[in-house]
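Spelled out, the chains give:
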Amino acid sequence: MYKFLAILAVAGLGATGASAADMAGPVVGSAYDWSGFYAGAHLGVANGDITATDVTEPSGGFFTDSVPAGTEGFDFNKAGVAGGAHIGAQYQWNQFVLGGEATWTATDIKKTIVSPYFPDSDTETGKISNYVTAVGRVGYAFDRILIYAKAGYAGGKVRFTARDNNALVTYDKNDWQNGYALGAGLDYAITDNILLGVDYTHIDLGSKTSTGNNVFDNGSLGANPETYRTDAKVDAVMARITYKFGMGQ
């Protein structure tokens, strides 16, 4: 994230120099008007970090019954392709640009590991299938370059599956988790309506504790339901293309 912010800072300094060279007097506003509604698509890379901790009492559950509950679990870290759509609105006062934006992003973040407790039989899978954000944005415009920061809500679908391949029984939870998003980005208006950009977002989907049955392949239920707490985070870098409705100056 620090490298990304450094790149934005360098770009901002370059844009400041270009603006000063192009204008005879002090900068009192952006020649390009960033106000308006906009919609677009984004594509990039997202790195997901999922932790599933067995909290079944008084000891570990069926898949971790060799350790005390709440002390051991499973970690999944996987980068994947991600992409989706965004929509928003913003208004410009002099060179300051304030607005709000909503996004939906699908990912292929999915990783299966061999259980460290029962490596001869058990596997576990963590997955983040999609997430959404609803954020406020504040930016500073250098004519056709806009640098912005953002913060707000994030939510996503987090799945954890534990599988005993010998007993043919599976624990599976696929829940929506809520958290927050923080990020920054840069947009460049190549025409009055077409914007290209790059965006970094940190998504913290918080944690959720869920209890579910162990289900055998024949459909019968095991005698010992499991309870796991899942924590999930995503760091995403996206290339964006956006259409801004309304004419720039």
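Placed above this text is the structure.
Figured I'd write up the structure that's included with this text.

Parameters and conventions
The residue numbering used here restarts from 1 in each chain and proceeds along that chain's sequence as written. Given that the model is predicted, a residue must reach a pLDDT of at least 70 before its local features are reported, and side-chain atom pairs must reach 80 or more before they are shown or counted; all residues, however, enter totals for whole chains, interfaces and linings. In computing side-chain values, all of the structure's heavy atoms are included and hydrogens and water are not. The secondary structure listing takes helices from DSSP runs of H or I that are at least 4 residues long and strands from runs of E that are at least 2 residues long, numbered from the N terminus. Whether a residue is buried, partly exposed or exposed follows from its accessible area with a 1.4 Å probe, protein chains only, as a fraction of its type maximum: under 20%, in between, or over 50%, in that order. Every residue pair with non-hydrogen atoms within 4.5 Å of one another is taken to be in contact. Each accessible area value is a Shrake-Rupley result obtained with a 1.4 Å probe; residue values ignore everything except the protein chains displayed when judging cover. Only residues whose relative accessible area exceeds 30% and that form no salt bridge enter a patch; like-charged residues are grouped when within 9 Å of one another, and nonpolar side chains (Val, Leu, Ile, Met, Phe, Trp, Tyr) when within 5 Å. When a carboxyl oxygen of Asp or Glu is within 4 Å of a side-chain nitrogen of Lys or Arg, the pair counts as a salt bridge. Only protein atoms enter the 1 Å grid used here. Points where a 1.4 Å probe fits but cannot escape make up a cavity, open sets with protein on both sides within 12 Å along at least five of seven lines make up a pocket, and a residue lines them when an atom lies within 4 Å of a point. Grid points are joined across faces, edges and corners, and a volume is the space filled by probe spheres set on the points. N or O atoms closer than or at 3.5 Å make up a polar contact, with two conditions inside protein: a donor-capable atom paired with an acceptor-capable one, and, for residues adjacent in sequence, both atoms drawn from side chains.

## Section: the overall build of the chain
Okay, step 1: From N to C terminus, the chain includes 1 helix and 9 strands.
Okay, step 2: For the chain, the sequential pattern of α-helices and β-strands runs α-β-β-β-β-β-β-β-β-β.
Okay, step 3: Across the 249 residues of the chain, 46% fall into the buried class.
Okay, step 4: Considering only contacts within the chain whose residues lie at least 6 apart along the sequence, 72% involve residues at least 24 apart.
Okay, step 5: For the chain, the exposed surface amounts to about 11,700 Å²; the carbon and sulfur share of it is 62%.

## Observations concerning a nonpolar patch on the surface
Okay, step 1: Where nonpolar side chains cluster on the molecular surface, the patch consists of Tyr-91, Trp-93, Phe-96, Leu-98, Val-138 and Tyr-140 and spans about 610 Å² of accessible area.
Okay, step 2: Within the secondary structure, Tyr-91 sits in strand 2 (residues 73–93).
Okay, step 3: Its relative accessible area of 45% is what places Tyr-91 among the partly exposed residues.

## Brief notes about the environment of Gly-70
Okay, step 1: For Gly-70, the position within the fold is in the loop between strand 1 (36–54) and strand 2.
Okay, step 2: For Gly-70, a relative accessible area of 43% corresponds to the partly exposed category.
Okay, step 3: On a C-alpha basis, the gap between Gly-70 and Tyr-228 in space is 8.8 Å, while along the polypeptide they are 158 residues apart.

## So, empty space enclosed by the protein
Okay, step 1: Applying the stated criterion across every chain yields a total of 2 cavities of 30 Å³ or more.
Okay, step 2: The space that makes up the largest cavity amounts to roughly 120 Å³.
Okay, step 3: Lining the largest cavity are 13 residues, and of these Thr-105, Lys-150, Asp-199, Thr-201 and Met-238 sit closest to its centre.
Okay, step 4: Broken down by secondary-structure element, the contributors of at least two residues to the lining of the largest cavity are strand 3 (96–114), strand 4 (122–142), strand 7 (194–212) and strand 9 (226–244).
Okay, step 5: Per-element tally for the lining of the largest cavity: the top contributor is strand 9, with 4 residues.

## Focus: the side chain of His-202
Okay, step 1: Its location among the elements puts His-202 in strand 7.
Okay, step 2: Accessibility expressed as a relative area gives 17% for His-202, which makes it buried.
Okay, step 3: At 2.9 Å, the side chain of His-202 forms a polar contact with the side chain of Asp-235.
Okay, step 4: Leave out the neighbours within four places in its chain, and His-202 touches Tyr-180, Ala-181, Leu-182, Lys-233, Val-234 and Asp-235.

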